[in-house]
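Below are the chains, spelled out letter by letter.
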Amino acid sequence: MDLAYTPEEEEFRARLREWLAKALPGLPPRPDPLDWPGRRAYDLGWQRRLYDAGYGALHWDASPTLRLIFLEETERAGAPYVGANFVGLLHAGPTIAAEGTAAQRERWLPPILRGDEVWCQGFSEPEAGSDLASLRTRAVRDGDDYVVTGQKIWTSHAEVADWCELLVRTDPEAPRHRGITWLAMPMDAQGITVRPLRTLAGSDEFASVFLDEVRVPAANRVGAEHDGWRVTMVTLSFERGTAFAGEVVACRRTLGALARAARANGRWDDAVLRRRLGRLNAEFTALWRLVQWNTGAAGKAGGAPGAGGSVFKLRYSQARQELYEAAAGVLGPAGALDADREWTADRLASLSYTIAAGTSQIQRDIIAERILGLPKGR
């Protein structure tokens, strides 16, 4: 696979870089990380700027290479990340683009790209985390609606979301991986209770969501009834294969900052630390190449990443944790206890990455079965 950029792609990079240099100085101050209504407004405002400048549709209506260049340049320029738009832009939106009807794509994709609406993810349940197929949230068809009852947990951005990508069980008698349906649920529907959950880092971007006979139009079903597990695999392939691409660039930027800090505070003289940072540099360079490969392969396969996304997710989760362990070595005990440092919150958040978007154990099973062809475990 040719990983070099064409002259046209480099021209796109130059135009984007020039636009970022003009747009970023005019941004308002970033809101308090714990102020999610403020962060929603900030993130939607940035997405609208991208849309108005012609960059909003890059997530779906551009070549995989242009999307990667976009991620490289926005991260290197220190531009805002997707933030509250994470689920819509990187999970629900790509799923609807791949699996939705023409009417569904027309209804939901433009508002996501314009920064008009925020989505949350209603997949996990108290007894259905890694074993997602054991979910119990029930949806019963009643005329033109599904009536949904159950509970979701770790629902990303639920307190500020307009829509929820929701997994429900529509046939309780079917085998576990069947009888599941993917719905788009309006978060202002009656019967929804949102209770924010506070993380180790002090933020509350997750929530428990309680559903008490919530009516969801059947027209909001993406894919066929009972075919939600297959649609979910499309969502998860985006989540594991390409959704973390921008974060790889961010980690490489963080690594560069740590190297500069080590030179400034004298820790660069430690040969063991230098080797550790050098190995991490090689690690994230390789991960970025894997992102390029996965994205290119997804484009050739029709848009959805394949099992290669699990290879990336497995190694990236561990590398991110190793990066912030190295940061503690560079900054020392005093820096490790400085709660005002942005990297401190990132280090705490990194602890969740071997669980989020499918645990590392689940990724190993996928790699073993779908790539290596090994028999399913019992």
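Check the entry above for the structure.
Below: a short report on this structure. The model shown is predicted, which means the values in this text are computed figures rather than measured ones. (Residues numbered from 1 in each chain as written. Predicted model: local features only at pLDDT ≥ 70, side-chain atom pairs only at ≥ 80, totals over all residues. Heavy atoms only, no water.)

## With respect to the environment of D346
Our working rule: Secondary structure elements follow DSSP: runs of H or I no shorter than four residues count as helices, runs of E no shorter than two count as strands, and numbering proceeds from the N terminus. In what follows, residue pairs with any heavy atoms lying within 4.5 Å of each other are defined as contacts.
Residue placement: D346 occurs in helix α10 (residues 342–350). Each C-alpha atom, one on D346 and one on R320, is 9.6 Å from the other, the two residues being 26 residues apart in sequence. Ignoring sequence-local partners within four residues, the contact set of D346 consists of R320 and Y324.

## Details of unusual backbone geometry
This is how the line gets drawn: Here the term buried applies to any residue with accessible area under 20% of the maximum for its type, exposed to any over 50%, and partly exposed to those in between, with areas from a 1.4 Å probe on protein chains only.
Backbone geometry places W154, a non-glycine residue, at a positive phi of 55°. Relative to the assigned elements, W154 resides in the loop between β3 (145–152) and β4 (163–169). Of the residues examined, W154 reaches a relative accessible area of 47% and is grouped as partly exposed. We note that E213 has phi near 50°; this positive angle belongs to a residue other than glycine.

## Considerations on the side chain of E117
Using the following cut-off: Whenever two N or O atoms come within 3.5 Å, that pair is a polar contact, provided that in protein one can donate a hydrogen and the other can accept it, and provided that, for residues adjacent in sequence, both atoms are side-chain atoms.
Mapped onto the secondary structure, E117 falls in the loop between α5 (102–114) and β1 (119–122). A distance of 3.0 Å separates a polar atom in the side chain of E117 from a polar atom in the side chain of R107. Beyond its immediate stretch of four places on either side in the chain, E117 contacts L44, N85, R107, W108, P111, I112, D162 and W163.

## Here we look at the pattern of salt bridges
What counts here: The rule for a salt bridge is simple: a side-chain nitrogen of Lys or Arg has to be within 4 Å of a carboxyl oxygen of Asp or Glu.
Counted according to the given criterion, the structure contains 21 salt bridges. One salt bridge in this structure joins K22 and E18, with 3.6 Å as the shortest N-O distance. Here the residue K22 and the residue E18 both occupy positions in helix α1 (residues 7–23), the gap between them amounting to 4 residues, near one helical turn. Taking the relative accessible area as the measure of exposure, E18 reaches 45% and is therefore partly exposed. Salt-bridge contacts for D145 lead to R215; the nearest nitrogen and oxygen are separated by 3.0 Å. On the criterion of sequence distance, the pair formed by D145 in strand β3 and R215 in strand β7 (residues 206–217) is long-range, its members being 70 residues apart. On the basis of relative accessible area, R215 is assigned to the partly exposed category, the value being 39%. Each member of the salt-bridge network shares a partner with another, and the members are E10, R13, R17, E72 and E73.

## Regarding the packing of α1 against helix α2 (residues 36–52)
Stated precisely, the cut-off is as follows: To get an axis, fit a line to the C-alpha atoms, keeping to the stretch in contact for a helix; angles then go from 0 to 180 degrees between the N-to-C directions. Roughly parallel means an angle under 35 degrees; roughly antiparallel means over 145; roughly perpendicular covers 65 to 115; every other angle is labelled oblique. The hand of a helix crossing depends on one turn: near helix anticlockwise from the far one by less than a right angle means left-handed, and clockwise means right-handed.
Following both chains from N to C, one finds α1 and α2 inclined at 135°, their axes separated by 12 Å at the closest point. Judged on the interaxial angle alone, α2 and α1 are oblique. Considering only the axes of α1 and α2, their crossing is right-handed. In contact with W19, L20 and A23 of α1, α2 contributes W46, R49 and L50.

## Focus: the nonpolar core
The following threshold applies: In these notes, a set of buried Ala, Val, Leu, Ile, Met, Phe, Trp, Tyr and Cys residues joined through side-chain atoms within 4.5 Å is what counts as a nonpolar core.
Counting residues in hydrophobic clusters, the biggest one holds 40 residues, and the most contacted among them are W19, W46, Y55, V248, F284 and L323. Mapped by element, the contributors of at least two residues to this core are α1, α2, α3 (64–76), α7 (245–265), α8 (271–300) and α9 (308–336). Tallying contributions element by element places α9 first for this core, with 9 residues.

## Side note on helix α4 (residues 86–99)
Short version of the rule: Expected span of a helix, by definition, is 1.5 Å for each gap between consecutive residues, and there is one gap fewer than residues. Fitting axes to the seven residues that end at a residue and to the seven that start at it, the angle between those axes gives the bend at that residue.
Counted at 1.5 Å a residue, the expected span for α4 with its 14 residues is 20 Å, and the 19 Å between its end C-alpha atoms agrees. Maximal helix bending in α4 amounts to about 40°, located at A92; proline P94 follows within four positions. Judged by how many residues are buried, α4 sits mostly within the fold: 11 of 14 residues are covered. Three or more residues of α4 are buried, namely F86, V87, G88, L89, L90, H91, A92, G93, P94, T95 and I96.

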